[in-house]
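# Report on the structure
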Amino acid sequence: MWGLLLLCLSHAAFQAVAWNPNCINAPVGFGHKTTGGAGGRTVVPKDINELRNYLSSKEKLVIDLDKTFDFTGSEGWVTVTGCFYKKCRGITGSEKSIAQLGTCNGRERTQVKYSKAGLTELIVSSYKTVKSSNGRGTIKGKGLRIKNAEQVIIRDITITDINPEVIWAGDALGFDKVNNVWIHKVTFRRIGRQHLVSFQQANTGITVSSCFFDGSSPFSGTCDGRHYWVWIFWGTNDQITLINNHVSNTAARLPHAGGWSKSWNNIHMIGNFLENNPHTGIEPHMGSNILCEGNIFSKFKKVINNRAHGGHLALVNTPQDAATCKKFLGEACLVNKYPGSRRASRFETSVLSTFAKLDRYAINSARKAVCV
C-alpha cells in the first residue's frame, strides 16, 4: 500500500513539473570556483568500509559509486524512550522522536528504535568528487558531512532511507566549515531529519543545483505524507546558492535560516521549482538574509512561515522589485511565480544591500543559468 501511495505521489509530481535537471552542467552561483577531485585518481569502492575510507582520506580522488552502499544496521540498533511527534491516524504513520532539545516535552511517550549508523554522517574531506557514472550510486541509511574541507563535488547520486520514521536520527548532507562545494543532481528521499544542514561555522562558496528533494514519506510529522525538516542553515557566515532544485511534498523549512546569536546566513534562492506544500515554506530567523527570485511556488498555502522572526527576506514579486535589484547588484532580478498558491509579499532592500557586498559575479552568473 505504501509503495503504491509513494509511487502515485512521485508520478503525479513529475507529470506536473516542467523541470529540467540537465540544464546546468557546471557550477554557478557561490560555488562557481569548485573543482572537487579533478586531477586525482578515480576509485570505485567495493563496500561500505572502503567508501568510508576514500571519503575521509587526504588524497585527491574521484569516487565513482556503481551500486547501493547500505549502512542500515551496520553499527547496530538502538531502542530508547522517545515520543510520537504527532500521533497520526489514516494513510500515514506517525514520525517518532528521540527525546532531544525538548522535542518530547508534552508529547506521548513511546519506544523508539533506530539504526545507529544514521546518527553520524560519513566525513568527506577536501578535494573529492563523489559521483555515479552508471546512475546507480546510492548511499542508504547514512548521510554525508563535508567537514573542515574545501573543493568537494557530490553529484548524480541518491541519499536515502536514513531512519525515516525517527526525528533526530539522521541528516542527509551537512556543511561544517567548508568552502567551494558543489552539490548537483542529487536525489534526497526518506530522511529522518534534515535533507540539508549547515553547522555553526562559516560555510562559503556553496552551490546546490538541479537536486530533487522528495518529501514524500510513509512517516510524517504532519500526518499527511509530507516531510517537515528539509533545509536548515545557521552558520556564522553562510554563502549558499540554491538553484534549479525540485522540491516536492514538503511541509516547512524551505529554508529555515538563522535563529541563534551568531548566525549570519546569505542564501540566494533562485530558479527553483517548489510544489505541493499545504503548510509553510521560508523561515527567515535572526541572522538570515534570503534573496528569493525567479522561483515557482506551486500549490503552497503559506510561502512564508509567520512564526519566524528577526531575519530578512527579499521576495522579488514585481517588475518594480526586479528593477530595485539593479541599483544594488547591477542587474535586474527575476520575478517569482505562484501558480495555485497564495502569493506572499515581503521585499526588504537590506537583503540587497548585504548581497551587494558579496561575490557579484556569483550572484549574477546564477541568474543567467536559471532554467525555469
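The structure reproduced in this document is the subject of the present report. None of these values were measured; they are calculated from a predicted model.

Turning next to the overall build of the chain. Along its length, the chain carries five helices and 28 strands. By the compact-globule yardstick of 21 Å for 372 residues, the chain fits well, its C-alpha radius of gyration being 20 Å. Along the first, second and third principal axes, the C-alpha atoms of the chain reach 55 × 50 × 45 Å. Looking at the chain as a whole, 60% of its 372 residues are labelled buried. Considering only intrachain contacts with a sequence separation of at least 6, the fraction spanning at least 24 residues in the chain is 73%. Taken as a whole, the chain presents about 14600 Å² of accessible surface, with 51% of it coming from carbon and sulfur. On the chain, the mean spot of the 45 positive side-chain charges and the mean spot of the 26 negative ones are 4 Å from each other.

Walk down a regular strand and you will see the side chains alternate between the two sheet faces. Burial analysis of strand β26 (residues 288-293) places six of its six residues in the buried class, which makes it a mostly covered element. Direction of pairing for strand β24 (residues 265-270) relative to β26: parallel, over a ladder of six bridges. When the sheet's bridge partners are listed, isoleucine 267 is paired in β26 with isoleucine 290.

Right, let's get into the side chain of asparagine 317. For asparagine 317, the position within the fold is in the loop between β28 (312-315) and α3 (319-329). Within polar-contact distance, the side chain of asparagine 317 engages the side chain of asparagine 336 at 3.5 Å. Of note is the side chain of asparagine 317, whose polar atom sits 2.5 Å from the backbone oxygen of alanine 344.

Of the consecutive residues leucine 254 and proline 255, the connecting peptide bond is found in the cis state with omega at -5°. Position of proline 255 relative to the elements: it lies in the loop between β22 (246-248) and β23 (256-257). Here asparagine 148, not a glycine, exhibits a phi torsion of approximately 50°, which is positive. In this structure, asparagine 148 sits in strand β11 (residues 144-155).

Reading across the sheet, the four strands line up as β7-β4-β6-β13 and stay open at both edges, with mixed pairing between neighbours. At either margin of the open sheet sits one strand with a lone partner, and together these are β7 (109-115) and β13 (166-167). Here strand β4 (residues 77-84) pairs with strand β6 (residues 96-98) via three bridges, running antiparallel. Paired with glycine 82 across the two strands is isoleucine 98, which belongs to β6.

A cluster of basic residues, Lys301, Lys302, Arg307 and Arg342, forms a positive patch at the surface. Mapped onto the secondary structure, lysine 302 falls in strand β27 (residues 296-304).

This brings us to helix α5 (residues 360-368). Listed in full, the buried residues belonging to α5 are Ala362, Ile363, Asn364, Ser365, Ala366 and Arg367. The backbone nitrogen of tyrosine 361 has a side-chain oxygen 3.1 Å away, supplied by the residue at the start of α5, namely aspartate 359.

For the rest of this paragraph, the subject is the state of the cysteines. Under the counting rule described, the total for this entry stands at four disulfides. There is a disulfide in this structure between cysteine 88 and cysteine 223, and the S-S distance comes to 2.0 Å. On the S-S bond that ties cysteine 88 to cysteine 223, the torsion sits near -85°, and the link is left-handed. Residue cysteine 88 is located in the loop between β4 and β5 (93-94), and its partner cysteine 223 is located in the loop between β19 (219-220) and β20 (231-233); the two are separated by 135 residues in the primary sequence. Cysteine 88 gets classed as buried once you look at its relative accessible area, which sits at 13%.

A few words on the environment of leucine 173. Mapping leucine 173 onto the fold places it in strand β14 (residues 173-184). Note: C-alpha distance between leucine 173 and phenylalanine 188 (15 residues apart in sequence) is 9.2 Å. Setting aside its immediate chain neighbours within four residues, leucine 173 contacts Leu144, Ile146, Ile154, Ile183, Phe188, His195, Leu196 and Val197.

About the thresholds
- Residues numbered from 1 in each chain as written.
- Predicted model: local features only at pLDDT ≥ 70, side-chain atom pairs only at ≥ 80, totals over all residues.
- Heavy atoms only, no water.
- Helix = DSSP H or I, 4+ residues; strand = E, 2+ residues; numbered from the N terminus.
- Rg over C-alpha atoms; globule rule 2.2 N^0.38 Å.
- Buried < 20%, exposed > 50% of the residue type's maximum accessible area, 1.4 Å probe, protein only.
- Contact = heavy atoms within 4.5 Å.
- Areas by Shrake-Rupley, 256 points an atom, 1.4 Å probe, with all protein chains shown as cover.
- Lys, Arg positive; Asp, Glu negative; His and termini not counted.
- Charge placed at Lys NZ, Arg CZ, Asp CG, Glu CD.
- Pairing = 2+ DSSP bridges.
- Polar contact = N/O pair within 3.5 Å; in protein donor to acceptor, adjacent residues only side chain to side chain.
- Patch = residues over 30% accessible without salt bridge, like charges linked within 9 Å, V, L, I, M, F, W, Y side chains within 5 Å.
- Salt bridge = Lys/Arg side-chain N within 4 Å of Asp/Glu carboxyl O.
- Disulfide = S-S within 2.5 Å.

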